[in-house]
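Architecture at a glance
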Amino acid sequence: MEIILEADHLRKDFGGLIAVEDVSLKVRAGSLHSIIGPNGAGKTTLFNLLSGVFKPTTGRVIYRGRDITAQPPHRIAHLGIGRSYQITNVFPNLSVFENVRLSAQAMGRDNWNLFAPASRFKKYADRAHHIVEQVGLKGKGDLLASVLPHGDKRKLELGILLASDPQVLLLDEPTAGMASEQVPQLMALIAEVRKESNKTILLVEHNMDVVMNVSDAITVMHYGKVLAEGTPVQVGANDQVQKAYLGELYK
Amino acid sequence: MTKSIRDHLPYLLLLAALVVLPFAISFLTGEPLNKGIALFSQGLMIQVFILAVFALSYDILMGHTGILSFGHALFFGTGAYALGILVKYAHWSLPVAILAIIVIAALESFVIGILSLRVHGVYFAMVTLAFATVAFILVEATDFKQWTGAEDGLHGIPVPDAINPAIHRTEFYFLALAFAVAIFLLVKLFVDSPSGRVWAAIRENEARATSIGFNTLAFKVQATIISGIIAALAGALNAMWNLSATPQTMEVGTTINALLMTIIGGSGTIIGPMLGAGVLQLLGYFLNLWLGSIWQLVFGLIYILLVLFVPYGIVGTWRVKQLDWRAAWRARFARVSK
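The following refers to the structure shown. The model shown is predicted, which means the values in this text are computed figures rather than measured ones.

**A short note on the overall build of chain A**
In terms of regular secondary structure, chain A is built from nine helices and 10 strands. In summary, chain A has a C-alpha radius of gyration of 18 Å against a globular reference of 18 Å for 251 residues, a match within 12%. Taken over the C-alpha atoms alone, chain A extends approximately 60 × 40 × 35 Å along its principal axes. For chain A, the proportion of its 251 residues judged to be buried stands at 55%. Nonlocal contacts in chain A, meaning residues at least 24 apart in sequence, comprise 66% of its contacts between residues at least 6 apart. Between the mean site of the 28 positive side-chain charges and the mean site of the 26 negative ones, chain A shows a separation of 5 Å.

Given below as structure tokens:
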């Protein structure tokens, strides 16, 4: 399978702190690739590098064979790489519907239009209605995002991402803080999206059951480096991973 | 969303009241429109209309895009001085001068926006303050006295008789009112447009707006340009009203006034800052009339009380209360029907 997204020896220093020391990673098109590792392993920093929020100290990000390291985040979004956030990151005083509609609008060509009401652009509204329903927020479209309970905010977070119809979805702990009974529902939704349109998903997740069940490939990060990589079975059997991550987790 | 006449009713009533006002005052005082209180009150309201547009332009940045500026007077002053210089010294006709002011303000706000919008929050505010201070020093400088009149200001701007406020006050009243209404409608259109929605996204969460694919710097520059043009047009109308342009138009105090009007009226509500302009201007006038020079102290107290008890401004707090009342009413109705 074709490699859609590649991290090539990425390194990111913050002053004296090395958040990501040396990460190389190849994500195959259409795969679900998980990144696991203890807190502070550099997973979120890696996402910030891939989505252009941070520029790496050294190394490159390659998307569909093209070096996108120097591209600003909004350009990377337009190229087809979208992300969600570990800490809910929505537009608090806009309605749920408007949160999602804006994300659909962002991908269109009408953003500079000043002289027509946004509601007249049906395609974005239609897409937003569809997505709001898809992520399970039907009937809550008119609520302000800020008043949603945590679980619904996580769904909205995903809805904002889906509305822009990215090719590659960077999901940073999509189930973080969710009630455990809601987790399978969200993962089913992610699986559905993936099957529907052959998306590539790069997933950061702490829930090992989830990761082991759904991933095609897993990369284990530890102190800013790649500790191991492989299929769930290979990674699960890896001694180093047991010691550094799984062992530490269950100490 | 469709709207019924009822939703527009308060606006239509306000407009009707403002149309009738000069004639009503003239009728009540028994004076003709061009004499005494009837004449004077029109002047007071003309200033309200001009400041309402200026406050509204400020709120495009503050309330709709979430940008705090301390240098907005720069655009107001630019409009005033550009009109004075172009009409008085370059002998341009008024319509051409106004078109030129639109271009000048667009360029000016583009350059300032591009240079300073890379920094955020209070840092942006300080950069804009620096730009406005430079402009203030320039118009007060004796080096350009032949054009700006330095500290005295530029006086004797020739305005065509038909709309000269000294001759045809009532005509100018309706010109200023029409201007305010037109800008109100235009800003409403902008705020509801796709671009206006992007501004709201930036106000709510700029980082996320970037991550879903908006070039937020470009949209902030767009908002700054529109805001700058409208402020300059308000400044130009102010120069026509005073037949002069003075350094006061460029002062930081002028920006602070816009900020106060926006906060008192309700930022991000469109009509709010315009009402705020009315409240501030009329309150200032009457407090000064009744209390003399201590009026500013009293106004300061009123302002503190407003911020404490009307935290979202007059219009903003009204809308929040309205939602509360509706929720309370529904809750009550639900109980009764059980």
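Further notes follow.
**A word on the interface of chain A and chain B**
Between chain A and chain B, the contact holds 32 residues from the first and 27 residues from the second. Roughly 2500 Å² of surface becomes buried between chain A and chain B when both sides are summed, with 64% attributable to carbon and sulfur atoms. If you sort the residues of chain A by the area they bury against chain B, A:Phe91, A:Trp112 and A:Leu114 come out on top, with a joint share of 27%. Linking chain A to chain B there are two salt bridges. We note a salt bridge from B:Arg197 to A:Glu98, for which the minimum N-O separation is 2.8 Å. At the boundary of chain A with chain B, the tally comes to 14 residue pairs in polar contact (both at pLDDT 80 or more). At the level of elements, helix 2 (73–79), helix 3 (96–106) and helix 5 (150–163) of chain A are the ones that each hand at least two residues to the side of chain A that touches chain B.

**Examining a nonpolar patch on the surface**
Residues and elements named next belong to chain B. Taken together, the side chains of Phe-286, Leu-289, Trp-290, Leu-291, Ile-294 and Leu-297 define a hydrophobic patch exposed on the protein surface, amounting to about 660 Å² of accessible area. For the nonpolar patch, the leading source of residues is helix 11 (residues 271–291), giving four residues. The exposure class assigned to Leu-297 is exposed, which follows from its relative accessible area of 63%.

**Thoughts on the packing of aromatic side chains**
In total, this model carries 16 aromatic pairs over all chains according to the counting rule given. For the ring pair B:Phe49 and B:Tyr173, a centre distance of 5.3 Å and an interplane angle of 65 degrees mean the geometry is edge-to-face. Linking B:Phe49 in helix 2 (residues 36–65) with B:Tyr173 in helix 7 (residues 169–192), this pair joins segments that are 124 residues apart in sequence. No difference in accessibility class separates B:Phe49 from B:Tyr173, as the two residues are buried. Here the aromatic residues B:Phe23, B:Phe49, B:Tyr173 and B:Phe174 are joined through ring pairs into a cluster of three or more. Above the plane of the ring of A:Tyr85 lies A:Arg83, whose end atom (NZ or CZ) is 4.2 Å from the centre.

**Notes on the packing of helix 2 of chain B against helix 10 (residues 252–265) of chain B**
Residues and elements named next belong to chain B. Contact pair helix 2 / helix 10: the axes reach a minimum separation of 9 Å and the direction vectors enclose 80 degrees. When the interaxial angle is binned, helix 2 and helix 10 end up roughly perpendicular. Of helix 10, the residues touching helix 2 (which contributes Leu-51, Phe-54, Ala-55, Tyr-58, Asp-59 and Met-62) are Thr-254, Thr-255, Ala-258, Leu-259, Met-261, Thr-262 and Ile-263. Along the lines of polarity and charge, the residues of the contact of helix 2 with helix 10 split into nine nonpolar, three polar and one charged.

**Some words on the side chain of A:Thr45**
Residues and elements named next belong to chain A. Looking at the element boundaries, Thr-45 is found in helix 1 (residues 43–50). When its relative accessible area of 13% is taken as the criterion, Thr-45 is described as buried. Discounting residues that sit within four places of it in the chain, Thr-45 has contacts with Lys-12, Phe-14, Ala-19, Val-20 and Phe-54.

**A look at helix 8 (residues 194–211) of chain B**
Residue and element names in this part refer to chain B. When the terminal C-alpha atoms of helix 8 are compared, their 17 Å separation across 18 residues is substantially less than the 26 Å that a helix rising 1.5 Å per residue should span. Across the 18 residues that make up helix 8, a large majority, 15, are buried. After helix 8 finishes, the residue Gly-213 shows a positive phi value of roughly 115 degrees.

**Describing the pairing of strand 4 (residues 58–63) of chain A**
All names here are of chain A. Bridge count for strand 1 (residues 3–14) against strand 4 is five bridges, and the pairing is antiparallel. Looking at the pairing, Arg-11 lines up with Thr-58 of strand 4. Alignment of strand 4 against strand 5 (residues 66–67), held across two bridges, turns out to be antiparallel. Residue pairing for strand 5: Ile-62 is matched across the bridge by Asp-67. Between strand 4 and strand 5, which pair antiparallel one after the other, the connecting turn spans two residues, and Arg-64 there sits at a positive phi close to 50 degrees.

**Examining unusual backbone geometry**
All names here are of chain B. Phi at Ala-150 takes a positive value of approximately 45 degrees, unusual for a residue other than glycine. Looking at the secondary structure, you find Ala-150 in the loop between helix 6 (145–148) and strand 1 (154–155). In this model, Ile-270 sits at a positive phi of 65 degrees, which is unusual for a non-glycine residue. Looking at the secondary structure, you find Ile-270 in the loop between helix 10 and helix 11. Of the residues examined, Ile-270 reaches a relative accessible area of 9% and is grouped as buried.

What counts as what
- Residues numbered from 1 in each chain as written.
- Chains lettered and ligands numbered in written order.
- Predicted model: local features only at pLDDT ≥ 70, side-chain atom pairs only at ≥ 80, totals over all residues.
- Heavy atoms only, no water.
- Helix = DSSP H or I, 4+ residues; strand = E, 2+ residues; numbered from the N terminus.
- Rg over C-alpha atoms; globule rule 2.2 N^0.38 Å.
- Buried < 20%, exposed > 50% of the residue type's maximum accessible area, 1.4 Å probe, protein only.
- Contact = heavy atoms within 4.5 Å.
- Lys, Arg positive; Asp, Glu negative; His and termini not counted.
- Charge placed at Lys NZ, Arg CZ, Asp CG, Glu CD.
- Buried area = accessible area lost by both parts, 1.4 Å probe.
- Salt bridge = Lys/Arg side-chain N within 4 Å of Asp/Glu carboxyl O.
- Polar contact = N/O pair within 3.5 Å; in protein donor to acceptor, adjacent residues only side chain to side chain.
- Patch = residues over 30% accessible without salt bridge, like charges linked within 9 Å, V, L, I, M, F, W, Y side chains within 5 Å.
- Areas by Shrake-Rupley, 256 points an atom, 1.4 Å probe, with all protein chains shown as cover.
- Phe/Tyr/Trp six-rings, centres within 6.5 Å; stacked < 30°, edge-to-face > 60°.
- Lys NZ or Arg CZ within 6 Å of the ring centre and 35° of its normal.
- Axes fitted to C-alpha atoms, helices over the stretch in contact; angles between N-to-C directions.
- Parallel < 35°, antiparallel > 145°, perpendicular 65-115°, else oblique.
- Nonpolar A, V, L, I, M, F, W, Y, C, P; charged D, E, K, R; others polar.
- Expected span 1.5 Å × (residues − 1).
- Pairing = 2+ DSSP bridges.

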